[in-house]
Each structure stands twice: as C-alpha cells, then as structure tokens.
Amino acid sequence: MSDPHAAQWREWRAALASPRMHHAWILAGRKGLGKHDFALAAARELVAIGRTAPAGENDPDIQLLTHLPKDEKEARKQEKGEPFETKRNIAIEQVRGMQARLTTRPTLGAYRAIIIDPADDLERNAANALLKSLEEPPEGTFFLLVAHSPA
C-alpha cells in the first residue's frame, strides 16, 4: 500500500536536506487527512538531526499548542486518560508560554519544533502574539501550523 503523504514527505525531506529550510510550514487540508500525525513525525525527524538517538514521544524540543481541557474537571479526566472536553480556542497564555521557552536554546540538539494544531483556532490576540515569533524566530526554531481552512 502506498503512503498517502509520499509527496509531502519528499518535499519535507528535500527541505531538510537543503541549506536554507524555511522556518514556518502550513500543513493545510480538510480534517481527517492526517496532518497532525504528519506534523509530529516531521517534527521528530527535524529535532533528531545531529543527535545520537531519535526523538521520543515527549521530546523536550517539540512543543505542541492545541486545545486545553475546558476546566479542572476535564483536566482530571485527561490525566486519567479518559475522554475530555476542550476549550474552543488556543489562548494567548499558551502562545506566551511557548514564547518564554524560545528564550532558551533547544534542549537536546540544535533544533526545536513548535506545532500549532489547529492554527485556525488561535484566539485573535494569540494569533497576533504569534506573529512576532513567526517573523523573527530564534535560530533553530521551526513552526508547523496545522490548518483546516488556511484562509
């Protein structure tokens, strides 16, 4: 069976091999295509460059910004591995927390990946705050923005 993302993997790996890889990528398409899984796998490949061991499940150089649990009750469900309800948006506090981490170097290697999934659900203030990081990313920082409707 062929890989439905073969063309995207070729493009990603060609960019990794080039001397001037772009620091921000939009992974766009309708829900259910596997963009989230692609973003995680691509981020693991990126941060593993130059390391002796591959990137693991909870690699410190991969940060995921996504919907948080709706409240404390839902957060407890998440901790137990149970289904939980999420907030409707990605908040500015999450973006500011990510930006605070950008003031340090990557932990285990030369690269860090920030995945925002879905970027469509950033609050207006969170999107505006993110622009500064996108315009002037620290060296070795790459953004993967998952979008269901990039317009």
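Scroll up to find the structure this text is about.
Just so you know, these numbers come straight off a predicted model, no measurement behind them. (Residues numbered from 1 in each chain as written. Predicted model: local features only at pLDDT ≥ 70, side-chain atom pairs only at ≥ 80, totals over all residues. Heavy atoms only, no water.)

(A) Expanded view of the overall build of the chain. From N to C terminus, the chain includes five helices and four strands. If you list the helices and strands of the chain from N to C, you get α-β-α-β-α-α-β-α-β. Each of the 151 residues in the chain was classed as buried or not, and the buried ones make up 37%. Long-range pairs, those at least 24 residues apart, make up 71% of the contacts in the chain with a sequence separation of at least 6. (Helix = DSSP H or I, 4+ residues; strand = E, 2+ residues; numbered from the N terminus. Buried < 20%, exposed > 50% of the residue type's maximum accessible area, 1.4 Å probe, protein only. Contact = heavy atoms within 4.5 Å.)

(B) Looking closely at the environment of Ile92. The topology assignment puts Ile92 in helix α4 (residues 92-101). Residues Ile92 and Leu134, spaced 42 residues apart in sequence, show a C-alpha to C-alpha distance of 15 Å.

(C) Quick look at the side chain of Thr141. Topologically, Thr141 is positioned in strand β4 (residues 141-147). In this structure the side chain of Thr141 is engaged in a polar contact, spanning 3.2 Å, whose partner is the side chain of Arg112. If near-sequence neighbours (up to four positions away) are discounted, Thr141 is found in contact with His23, Leu102, Arg112 and Ile114. (Polar contact = N/O pair within 3.5 Å; in protein donor to acceptor, adjacent residues only side chain to side chain.)

Remember, this is a structural readout, not a statement about activity or role.
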